[in-house]
Amino acid sequence: MTKLSQVDFLVMGAGVAGLRAAVELARHGDVLVVTKESVAESNTHYAQGGIAVAMEGDEDVALHLEDTVNAGDGIVYRPAAEALVSEGPLRVAELIEWGASFDREGDTGAGELLRTREGAHSLPRILHANGDATGAEISRSLAAFAHVHKRIRFAEWTMVTGLVVADGRVIAADLASAGPLAGDPKPHRINTRSVLIAAGGAGQVYSDTTNPAVATGDGIALAAQAGAELADMEFYQFHPTALSLPGVPRFLISEALRGEGAYLRNDRGERFMERYHPLLELAPRDVVARAIAREGMGATPDSVSGSPSADSRVVHLDMRHLRNLNIRDRFPGISAFLAQHGLDLARDLIPVRPAAHYLMGGIKTDLDGRTSLPGLYAAGEAACTGVHGANRLASNSLLEGLVFGARAAQSMLADSLPLVPADAPAADHKPLSVNEEALVEDLIANLQASMWAYAGLLRQESTLREGLAAQEACGASLAKLAEQGKSSRRLAEAQAMSRVAHAILHSALARTESRGAHFRNDFPKRDDAQFLKHSIFARGGEAQVLFEAW
Ligand code: SIN
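What counts, and where the lines are drawn
- Residues numbered from 1 in each chain as written.
- Predicted model: local features only at pLDDT ≥ 70, side-chain atom pairs only at ≥ 80, totals over all residues.
- Heavy atoms only, no water.
- Pairing = 2+ DSSP bridges.
- Helix = DSSP H or I, 4+ residues; strand = E, 2+ residues; numbered from the N terminus.
- Buried < 20%, exposed > 50% of the residue type's maximum accessible area, 1.4 Å probe, protein only.
- Lys, Arg positive; Asp, Glu negative; His and termini not counted.
- Salt bridge = Lys/Arg side-chain N within 4 Å of Asp/Glu carboxyl O.
- Contact = heavy atoms within 4.5 Å.
- pLDDT = per-residue confidence, 0-100.
- Axes fitted to C-alpha atoms, helices over the stretch in contact; angles between N-to-C directions.
- Parallel < 35°, antiparallel > 145°, perpendicular 65-115°, else oblique.
- Left-handed = near helix turned anticlockwise from the far one by under 90°.
- Nonpolar A, V, L, I, M, F, W, Y, C, P; charged D, E, K, R; others polar.

**With respect to the sheet that holds strand β19 (residues 545–548)**
Next up, step 1: Read from one edge of the open sheet, 5 strands run β17-β15-β10-β18-β19, paired in mixed fashion. This sheet does not close on itself; its edge strands, each paired only once, are β17 (383–384) and β19.
Next up, step 2: The sheet contact formed by strand β10 (residues 230–231) and strand β18 (residues 534–537) spans 2 bridges and is antiparallel. Bridging from a neighbouring strand, Ala231 pairs with Ile536 of β18.

Put into structure tokens, the structure is as follows:
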């Protein structure tokens, strides 16, 4: 773990937003990128389908804007979407110049960029790399570019355990070792001009998620704890098609399969999407996810509450009719994973069900990454600019990381906050006993299961209240350990998940309508008269939800 006592800029997270920001910041100062595991382990790394970008001029950009706004179900903050789609082409061109290699026509590597289509896109505009490993290529190329920069240092296997606020401004952060062989568990305080949270999402809050184990919402929880406002926390996107095999992780089966023509079939073999949306399998993601949940549970919309479970009726993805597509070349990573479980996309029906995938909400920021707390900035999935509204358009998230990572870095540079040394060192911590670590694991598993059951795809007041009671009990047990000065990586992650769950549950209870990814069985309609607004959690430290129009 680094023992630097000060750095100009501290970036939490080494996904696309954090790395893009670090490159920008390093033009004018020293940067420390802190990441809980290795640089390669981020949500970015696991993104399969691609990066949506309108590279064909103004008309293309205008269409990308409309698709983004339409997917967001009435509450996309239009200036944020305009920034995303209009600055996106420049950011992607820059990335290509820095070494990212996207798939092209022909074998020479010099042909036209290949573009695919995904749900709710009006035309094919999604670039991909190595077939279905787009995030890994973006992560690899940005990390390689950042690593040679002398002003960027990396602190891998390191956690940010606290933000230090003085006179209403973030002035320092506490870092602790997060590695399996953590040598020195004592946290150490680092002074900094400003902190960027780009630590990704919080899929681990749910028992069923496509996200890696590191996605525990640490950055969002730290910001909230330090007093920053959160926004739109009720909007959690459930990816329609994660693999559904007993005992196998909820591996993402990319939407790009449906972009290439895959069908969805219920347990009677019917292509059921025609009953739900004219765009069939390429309907917006929230519509497809709910349709699968309903078909899978064999229920009518009104009788369903909760989220589909492993013993739900099986829904399948079907690519068997796509005889002209070389499926294994187009989707090498997915094909290889399925092969380990005896499945072949060209031959077999693939069992799928939804899983938590992407948080549209997060730390509330302006268009330039500024949070409500001076000295603290946020970008990427951890942030909420309003760009996705109630439902993110497929493959807009890698672009979001590039565009808003760069914008946040530019405002950190422009704000040019001075270094103010913190006047106390970080507090010491005691390690947890083996039994206490086991208790933390149990608390996490219970929280995840209750969030899936009570605050998943289909919600209602009674289940959300049950979820809140479970979360509050979990939070109280975790607080007891923390009050004794105990600390460990898993305790910190559990506290983060519990805080994020708290914000999701309160926000979901307050939005008494259905919109985008947030569906309430007890309020199944969109209510534009009341809710053409964004939710704000914990303004002024109050655990209450306010709504405001942006
Ligand atoms: C996918 O490949 O289906 C995921 C892409 C995304 O989440 O935008």
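Here the narrative resumes.
**Section: the side chain of Asp60**
Next up, step 1: The residue Asp60 is located in helix α3 (residues 58–71) in this model.
Next up, step 2: For the buried Asp60, which has no salt bridge, the nearest side chain bearing the opposite charge is Arg125, at an N-O separation of 4.1 Å.
Next up, step 3: The residues touching Asp60, leaving out its near neighbours within four places in the chain, are Ala54, Met55, Leu123 and Arg125.

**Observations concerning the confidence of the model for the protein**
Next up, step 1: On average, the protein scores 94 in pLDDT, and the residues at 70 or more come to 96%.
Next up, step 2: Across the protein, element-level confidence peaks in strand β16 (residues 376–378) with a mean pLDDT of 99 and bottoms out in helix α2 (residues 43–46) with 86.

**So, the environment of Gln225**
Next up, step 1: Mapped onto the elements, Gln225 comes out in helix α6 (residues 218–226).
Next up, step 2: In sequence terms Gln225 and Arg490 are 265 residues apart; their C-alpha atoms lie 17 Å from each other.

**Focus: the environment of Val61**
Next up, step 1: Residue placement: Val61 occurs in helix α3.
Next up, step 2: Here Val61 falls in the buried class, since its relative accessible area comes to 17%.
Next up, step 3: Between the alpha carbons of Val61 and Gly88 there is a distance of 9.1 Å; along the sequence they are 27 residues apart.
Next up, step 4: With near-sequence residues (within four places) excluded, Val61 lies in contact with Ala54, Val85 and Ser86.

**As for the packing of helix α12 (residues 434–454) against helix α13 (residues 461–483)**
Next up, step 1: At a minimum axis separation of 9 Å, α12 and α13 run at an interaxial angle of 165°. By the criterion of interaxial angle, the relationship of α12 to α13 is roughly antiparallel. For α12 against α13, the interelement crossing comes out left-handed. Contact residues: α12 offers Glu436, Leu439, Val440, Leu443, Leu447, Ser450 and Tyr454, while α13 offers Thr463, Leu464, Glu466, Gly467, Ala470, Gln471, Cys474, Ser477, Leu478 and Leu481.
Next up, step 2: Grouping the constituent residues of the contact of α12 with α13 by class yields 10 nonpolar, 5 polar and 2 charged.

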